[in-house]
Amino acid sequence: MKIETTEKKPWRQIEFRIERFKPGRIDPPRFQSFRVAVDDQMSVLDGLEQIRLRQDAGLMYRHSCHHSACGTCACRINGVERLACTTRILSLNTETVVLEPLRGFPRLGDLVVEMTAFYRDIDPAWSLLTPAEPIHGAADPAEDPSLRLEACIECGCCVSSCPAAHRHAEFMGPAALAALHRQMAKVDAARQHDLLAAAASPRGERLCERALNCSRVCPTDVYPARHIADLRRRAKASGTPPSLK
Amino acid sequence: MEHILIIGGGVGGSLAHDLTLRGYRVTLVERGELLSGTTGRHHGLLHSGGRYVFHDAETARECYEENRILRHIASEAIEPNGGLFIALTDEDLSHRDRFLEGCIAAGIPAAPLSPRQALAREPTLNPALLAAVRVPDAVMDAWRLAMAFFATARANGAVIRTFCEVTDLKMFGRQVAGVRVIDHRSGLSETIGADLVVNAAGPWSGRIAAMAGIGVPIQPGPGVMVAVRGRVTQAVVNRLHPAGEGDIIVPQRRLSVLGTTAWLADDPDQVTAPAEHVARLFALCAELVPAVAAMTPHAVWSASRPLLQSSPNQDPFAISRTFDCFDHAARDGIEGLVTLIGGKATTMRAMAEQTADLIVRKTGRDFACRTRETVLLPYRRYWRGDI
Ligand SMILES: Cc1cc2nc3c(=O)[nH]c(=O)nc-3n(C[C@H](O)[C@H](O)[C@H](O)COP(=O)(O)OP(=O)(O)OC[C@H]3O[C@@H](n4cnc5c(N)ncnc54)[C@H](O)[C@@H]3O)c2cc1C
Ligand code: SF4
Ligand code: SF4
Ligand code: FES
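Note that the structure is a prediction, hence the values are computed from the model and not measured.

Caption draft 1: Summary view of the state of the cysteines. Considering all chains together, one arrives at zero disulfides over all chains under this definition. Of the cysteine sulfurs around C63 of chain B, a residue in no disulfide, the closest is that of C103 of chain B, at 12 Å.

Here you go:
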């Protein structure tokens, strides 16, 4: 039962301009161009895969799920933080696709950045599960309500786009504050208080400049700025002492 | 202690975890990011085993057992909302009794539901359904579940090197003594010595075996998946029939993933997602949940199953999803090399256990497996190992 795959008909030649970096070798970073035959379904990640498999086996980028679930493939595409796997190349409406790594993270090579700093203010134990939105007309059994994974896929797009995160290295940043706010909904009052105190600390919500870049770039509609606004409101209401400033 | 080198950052992660728990020194090399092969981009179904009761009782039983273990050791990476098998035609319905019997035989708790009961839970199902059976399927975050194994292995001392591609095996006559790798960061090649090398390169394992001048019974079996926006159901929806194309919808986060197709390929690196497969997935999955017909693809991708081949040109859906590990000393007279092939993401822990048992025998040790009861560290500890 051998089914041959039909090679998709290439529609257009698109130039991929990729910022290359190899510590000590291509250092400082410089752009390199590749030409890729593109059809109307191909994602930027598909383009990167073609370049790696057919033109340069040493091209480094992160990828895993190919459908906006893992968060690894985030980079700057034509200057904007996006997921390579869900960005259709032709939807960009450009002849050239410029790819750069996320900003504000140490670079490991080409488009790959080191994510340890992203997790600095996210407690590894914070829960990943949350009640799923009810489906219209469904009788969700009360004894085992449906759960889903949190919307945040920890891609780092928001942090890379956040002007405050680049100005203040100590800023907890949009992803951690959004995650903290989500965790508050799952714990008792005493723990909520501790979480709010962390959010109201000098490294917390007060450093946010409400530029809203984070909510604009977030690929999974987490809207970090809304979570930060709510933390700010609650911090004010609970009267976190200004002496912390 | 013996140094074991694992090639491949897919189910290799669960093996790294098992071997470090048993006390071995472990290095794992992966040519790209971890989970950039099949294990990061499969359909996301934590199988109850229901899909296999018709033709593969061994895999069915294995899946249910592992399903329960993973819910215990990695609960945070699993959406535990169950699954439904639904019958849409008289032919589907004719499979129901055999399905229920198969579930009982495999120890899988299965509960028949009337169409009304099924529609009350999942109102988007095809209202023409004739019957449903509820099973303990679940949905995994492919990345986070597997990263929990890597995080724990790393915390226990495993050295994990990404963007580090094996280009050759280091051989002394018929003995494998390590690997040649190119580190894509530095561009430099180096040799990593090892007492034993494990080929866990999934659909690419044939290439690694060829470096030792031998073959392994691997058949890359790609399949296409399509994600659409929105959870169309809370539970996984399967068609009640022997496994085929486009018969599973896996909701995950605020997406639903339609899948899959299957064919046999020679080169796992040249796999595309043909447009006609995408159209077929929409058409077939719309039979399960009609609303799917009006949706557009959010993402389209393909992945290659590392199928354990028993004879050439089989129906890819009928090939057993069981796994095997080969000691090439016994099989081909090559010492120091073990290959792990087949299985499912759902059975990655069991695959690791069986392979590590073989390694224990080969190294003359007496270490018991502890992965059934060892709760994994949160996957974020992979990056925050220091804390
Ligand atoms: C379409 C599809 C849907 C599926 N759905 C499900 C599902 O819903 N549930 C389920 O449980 N299972 C599912 N599976 C099965 C499951 O995904 C696979 O059985 C499993 O992930 C295979 O893991 P692996 O580690 O053997 O292969 P891989 O995950 O591919 O790992 C091999 C790794 O080796 C690396 N590698 C290759 N060559 C080299 C080299 N020279 N040097 C270094 N590294 C190298 C690769 O980059 C890769 O990361 C599905 C599979 C497919 C194809
Ligand atoms: S709203 Fe705040 S957190 Fe978001 S990008 Fe702007 S400054 Fe950063
Ligand atoms: S909040 Fe959105 S942009 Fe930020 S890490 Fe999470 S998914 Fe990415
Ligand atoms: S590859 Fe997982 S989010 Fe893009």
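Caption draft 2: Inspection of the domain arrangement of chain B at higher detail. Residues and elements named next belong to chain B. Partitioning chain B into domains gives domain 1 (3-39 + 144-217 + 321-383) and domain 2 (81-138 + 219-308). Look at where the C-alpha atoms of domain 1 and domain 2 centre, and you get two points 31 Å apart. On the side of domain 2, 12 residues touch domain 1, which itself brings 15 residues to the contact. On the domain 1 side of the interface with domain 2, the three residues burying the most area are T38, P203 and R321, jointly 39% of the side's total. Run the count over domain 1 and domain 2 and you get three salt bridges. For D269, the salt bridge is made with R207, and the minimal N-O distance between the two is 3.1 Å. Every element with two or more residues in the side of domain 1 that touches domain 2 is listed here: strand 19 (323-327) and strand 20 (337-342). Among the elements that take part in the side of domain 1 that touches domain 2, strand 19 stands out by supplying three residues, more than any other. Each residue belonging to the side of domain 1 that touches domain 2 can be placed in one class, and the counts come to six nonpolar, four polar and five charged.

Caption draft 3: Local environment of the confidence of the model for chain A. Considering every residue of chain A, the mean pLDDT works out to 93; 93% of them sit at 70 or more. Scored below 50 in pLDDT, residues 1-6 of chain A shows 17 contacts in the model against residues more than four places distant or in partner chains.

Caption draft 4: Looking closely at the sheet that holds strand 12 (residues 189-193) of chain B. Residues and elements named next belong to chain B. Strand order in the open sheet made by the three strands is 10-11-12, with antiparallel pairing throughout. Since the sheet does not close on itself, it has two edges, and those belong to strand 10 (164-172) and strand 12, each with one partner. Along the sheet, successive strands turn relative to each other by an average axial angle of 30°, direction set aside. Pairing geometry for strand 11 (residues 175-183) and strand 12, over five bridges, is antiparallel. Residue I182 lies in a different strand from strand 12, and its bridge partner there is S189.

Caption draft 5: Highlighting the side chain of K344 of chain B. All names here are of chain B. Note on placement: K344 falls in the loop between strand 20 and helix 10 (348-362). No salt bridge is formed by the buried K344; its nearest oppositely charged neighbour, D56, is found at 8.8 Å. Sequence-distant contacts of K344, that is, excluding residues within four places in its chain, are made with H47, Y52, R321 and M351.

Caption draft 6: Highlighting the interface of chain B and chain A. The interface is formed by 61 residues belonging to chain B together with 68 residues belonging to chain A. In total, chain B and chain A occlude about 5600 Å² of area from one another, counting both sides; carbon and sulfur atoms represent 53% of this. On the surface where chain B and chain A come into contact, there are 28 residue pairs in polar contact (both at pLDDT 80 or more). Every element with two or more residues in the side of chain B that touches chain A is listed here: strand 4 (78-79), helix 5 (115-121), helix 6 (142-155), strand 17 (255-259) and strand 18 (299-308) of chain B. Grouping the constituent residues of the side of chain B that touches chain A by class yields 24 nonpolar, 16 polar and 21 charged.

So, how was this worked out
Numbering of residues starts from 1 in every chain and runs along the sequence as written. Written order decides the labels, with chains lettered from A and ligands numbered from 1. Under the rules for a predicted model, residues below a pLDDT of 70 receive no local features and side-chain atom pairs below 80 are neither given nor counted, while totals for whole chains, interfaces and linings still include all residues. Excluded from the side-chain calculations are hydrogens and water; all other atoms, namely the structure's heavy atoms, are used. Our working definition of a disulfide is a cysteine sulfur pair at a distance within 2.5 Å. The source of the domain bounds is an automatic or database domain assignment. Two residues form a contact once any of their heavy atoms are found within 4.5 Å. Using a 1.4 Å probe, buried area is obtained as the accessible area two parts lose upon being combined, added over both of them. Salt bridges are defined by distance alone: a side-chain nitrogen of Lys or Arg within 4 Å of a carboxyl oxygen of Asp or Glu. In this description a helix means any DSSP run of H or I spanning at least four residues, a strand means any run of E spanning at least two, and both kinds are numbered starting from the N terminus. Amino acid classes used here: Ala, Val, Leu, Ile, Met, Phe, Trp, Tyr, Cys and Pro are nonpolar; Asp, Glu, Lys and Arg are charged; the rest, including Gly, are polar. Residue-level confidence of the predictor, termed pLDDT, takes values from 0 up to 100. Criterion used throughout: strands pair if DSSP finds at least two bridges between them. Simply put, an axis is a line fit to the C-alpha atoms, just over the touching stretch for a helix, and the angle between two N-to-C directions goes from 0 to 180 degrees. The rule is simple: take the accessible area with a 1.4 Å probe, protein chains only, and divide by the maximum for that residue type; under 20% is buried, over 50% is exposed, in between is partly exposed. Only four residue types enter the tally: Lys and Arg on the positive side, Asp and Glu on the negative side; His and the chain ends are excluded. Distance and chemistry together define a polar contact, namely a pair of N or O atoms within 3.5 Å, with one atom able to donate a hydrogen and the other to accept it when in protein, and with adjacent residues in sequence counting only for side-chain atoms on both sides.

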